[in-house]
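Okay, here's what each chain looks like letter by letter:
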Amino acid sequence: MKVLISGAGIAGPALAYWLQRAGFEPTVVELAAAPRPGGQTVDIRGVAQEVVRRMGLMPAIRARRLPEKGLAYIRANGKQAAAMPAELLDGAGPVAEIEILRGDLSELLLAATSDVEYLYGDSVTGLTQTADGVRVSFATAADRDFDLVVGADGVHSRIRALAFGPEAEFVHHLGGYGAYFTIPAPEDLDGWMKIHNAPGGRWVGLRPDHDPRFARALLSFRSPEISYNRRDVEEQKALLARRFQDVGWHARKVLDGMRTAEDFYLDSTSSVVVPEWSRGRVVLLGDAGYCGSPLAGHGTALSLVSAYVLAGELAVDGDHRRAFPAYQEVMREYVVQRSALPPGGIAMALPMSALGIRGRDLMIRTMTSRPFRGVLAKVAAAEPDAIELPDYAALTAARHTAP
Ligand SMILES: Cc1cc2nc3c(=O)[nH]c(=O)nc-3n(C[C@H](O)[C@H](O)[C@H](O)COP(=O)(O)OP(=O)(O)OC[C@H]3O[C@@H](n4cnc5c(N)ncnc54)[C@H](O)[C@@H]3O)c2cc1C
């Protein structure tokens, strides 16, 4: 059974892995010319850990872990205003037990699917569903027929636009933007994630890299929706340079490093809600279908778990008419739970005024002070994932042909 997956981010290769293991023939088409190594550390929490264990990837993931000591809020003059050490939250706060660079995780997933067909530098331009398949046209490759098509092509999914409707129906702007890229480290971070908030709802962040000579930078700002060319990286870098030119701490060095950063990635802080995840033989997976934004912070876990569930349901009998709704049913509650924004949402992360920033820092200092630590640990205590991971014995045994 031939399955086309659009998008070689996290969800796409994870699904390709499981489908191949179950005897399907996956093909992955990716818009970028090569794998995209960018991104910060992402968390593998809760039930997602069990999924990577079942994939046999846990030893490799553990070997590439990039644990952080905690999150420190830094003033413009470089002095620390507040800090949340990781051990205080026992893996439940912004710093999780298994943290890995998104690029490292992507590399491991691509290595685990090295004999899957990947079409880089191409994109789906048309889908025609028939009674027994989907005829797919590509920007570059010749038309091909598949049994099923999966949109795992992120928040701005092309597959969703073609099969479900315009982006505006499903993508909700949450009032901000975030950019990620790698730069020469402006200071020794000593394992800490450091953030400097500036008035106007802006932050400059640095996270450790495996190589201490480098740091993973992030720039975020609050803004209503702005229009820019999503394919023009130079235009996006110029936009950020203007927004952050008056910011203190290491902002200048971050902007200098950004100019030559090759893994630059900018996107809006948006959520994605699609009521029904499938249309006939086309189904959505990961950010393309459900996303709480980086503020919610569970995108990687959701995409790993959902890839396993979608493949598992298809492997039961190969019938998408049963499998697609069953996949949504198994995932539904967990997706709602893990798409929820943290308390305070974007206003807490990016206060607008100097007073707001000082108030937030004071709150963190109070919460992390000795008398309140127990309360904080209780509040942050990881609520169990709202999903019982099915076993899918069929995933390893079944071999399917088109029904
Ligand atoms: C370069 C990059 C860096 C990121 N960094 C972070 C980060 O630091 N922190 C964070 O929380 N989240 C980050 N994300 C988002 C995070 O990966 C997702 O929220 C989450 O892992 C869900 O994965 P996904 O596979 O659904 O989406 P994504 O990881 O976004 O993958 C979608 C893939 O689809 C591809 N694609 C897009 N359009 C098309 C098209 N028309 N045809 C074919 N392919 C297409 C994209 O190039 C991308 O490779 C990043 C995403 C990318 C692409």
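Small disclaimer: the values here were computed from a predicted structure and weren't measured.

J.: Can you lay out the packing of helix α9 (residues 299-317) against helix α10 (residues 320-339) for me, pointing to particular residues and giving the numbers?
T.: Running from N to C, α9 and α10 point in directions that differ by 160°, and their axes come no closer than 8 Å. With respect to each other, α9 and α10 are oriented roughly antiparallel. In the crossing of α9 with α10, the sense of the turn from one axis to the other is right-handed. Residues A301, L302, V305, S306, V309, L310, E313, L314, V316 and D317 of α9 form the contact with α10, whose own contacting residues are H320, R322, A323, F324, A326, Y327, V330, M331, Y334, V335, R338 and S339. In terms of residue class, the contact of α9 with α10 is built from 15 nonpolar, three polar and four charged.

J.: Just give me the short version of the environment of D287, but keep the residues and values in it.
T.: Residue position: D287 is located in the loop between β18 (282-284) and β19 (290-291). The exposure class of D287 is partly exposed, given its relative accessible area of 30%. Separated by 134 residues in the primary sequence, D287 and D153 have C-alpha atoms spaced 7.5 Å apart.

J.: Mind laying out the packing of helix α7 (residues 233-244) against helix α8 (residues 251-260), listing which residues take part and the relevant values?
T.: Running from N to C, α7 and α8 point in directions that differ by 170°, and their axes come no closer than 10 Å. In terms of orientation, α7 and α8 fall into the roughly antiparallel class. Here K237, L240, A241 and F244 of α7 lie close against α8, whose contacting residues are A251, L255, M258, R259 and T260. Looking at the contact of α7 with α8 residue by residue, the class counts come to six nonpolar, one polar and two charged.

J.: An account of the pattern of salt bridges is needed here, citing residue identities and associated values.
T.: A complete count under the given rule lists 25 salt bridges for this structure. Note that R160 is salt-bridged to E167, the shortest N-O span being 3.9 Å. One salt bridge connects E187 with K194, and the closest N-O pair in it is separated by 2.6 Å. The class for E187 is partly exposed, based on a relative accessible area of 24%. If you follow the salt bridges from partner to partner, you end up with E50, R53, R54 and D391 in one network.

J.: Describe the sheet that holds strand β9 (residues 133-138), with residues and values.
T.: In space, the three strands of this open sheet follow the order β8-β9-β10, with antiparallel pairing throughout. Two strands bound the open sheet, and with one partner strand each, they are β8 (124-130) and β10 (144-146). This sheet shows a mean twist of 25° between the axes of neighbouring strands, independent of strand direction. Taken together, the three bridges between β9 and β10 define a ladder with antiparallel strand orientation. Directly across from V136, in β10, lies its bridge partner R144.

J.: How would you explain α8 if you had to name every residue and give the values?
T.: Considered for burial, the residues of α8 that qualify are A251, V254, L255, G257 and M258. Down the axis, α8 shows its buried residues gathered within 165° of arc, on one side only. Residues R252, R259 and T260 are exposed on α8 and point more than 90 degrees away from its buried face. The inward-facing, buried residues of α8 contact β12 (171-184), β14 (202-208), β15 (214-222) and α7.

J.: So, the pairing of strand β11 (residues 148-151): which residues are in play, and what are the values?
T.: Put simply, side chains in a regular strand alternate between the two faces of the sheet. On β11, burial covers both faces: L148 and V150 on one face and V149 and G151 on the other are all buried. Where strand β1 (residues 2-6) meets β11, four bridges bridge the pair, whose relative direction is parallel. Bridging from a neighbouring strand, S6 pairs with G151 of β11. Of the strand pairs in this sheet, β11 and β18 are connected by three bridges, and their pairing is parallel. In the sheet register, G151 faces β18, and the bridge partner there is L284.

J.: Please give an account of α7 that cites residues and values.
T.: Helix length check: α7 (twelve residues) gives 17 Å between terminal C-alpha atoms against 16 Å at 1.5 Å per residue, within 8%. Of all the residues in α7, the buried ones are Q236, K237, L239, L240 and F244. The buried residues of α7 occupy an angular sector of 155° when the element is viewed end-on, so they sit on one face. Across α7 from its buried face, at more than 90 degrees, point the exposed residues E234 and R242. Along its buried surface, α7 packs onto β12, β14, β15, α8 and β16 (265-273). Its side-chain oxygen at 3.2 Å from the backbone nitrogen of E234, D232 defines the N-terminal cap of α7.

Basis of the calculations
Position numbers for residues start from 1 in each chain and track the written sequence from start to end. Local features in a predicted model are, by the rule used here, given only for residues with pLDDT of at least 70; side-chain atom pairs are given and counted only at 80 or more, and totals for whole chains, interfaces and linings are based on all residues. Heavy atoms throughout the structure, all of them, feed into the side-chain values; hydrogens and water do not. Note on geometry: axes are C-alpha line fits, over the in-contact stretch for helices, and angles between N-to-C directions span 0 to 180 degrees. Numbering of helices and strands starts at the N terminus; helices are DSSP runs of H or I of at least 4 residues and strands are runs of E of at least 2. Orientation is classified from the angle alone, with under 35 degrees giving roughly parallel, over 145 giving roughly antiparallel, 65 to 115 giving roughly perpendicular, and any other angle giving oblique. By the definition used in this description, the sense in which the near helix is turned from the far one sets the handedness, with an anticlockwise turn below a right angle giving left-handed and a clockwise turn giving right-handed. The criterion used for residue contact is that any of the two residues' heavy atoms lie within 4.5 Å. Side-chain classes are defined by residue name, with Ala, Val, Leu, Ile, Met, Phe, Trp, Tyr, Cys and Pro counting as nonpolar, Asp, Glu, Lys and Arg as charged, and the others, Gly among them, as polar. Note on exposure labels: buried denotes an accessible area under 20% of the residue type's maximum, exposed denotes more than 50%, and partly exposed covers the range between, all computed with a 1.4 Å probe on protein chains only. Basic side-chain nitrogens of Lys or Arg form a salt bridge, by our definition, when they fall within 4 Å of a carboxyl oxygen of Asp or Glu. If DSSP finds at least two bridges between two strands, the strands pair. What the arc measures is the spread of directions leading from the helix axis to the C-beta atoms. Given a helix with a known number of residues, its expected span is that number minus one, times 1.5 Å. Under this definition, polar contacts are N or O atom pairs within 3.5 Å; protein pairs additionally need one hydrogen-donor-capable and one acceptor-capable atom, and for neighbouring residues in sequence, both atoms have to be side-chain atoms.

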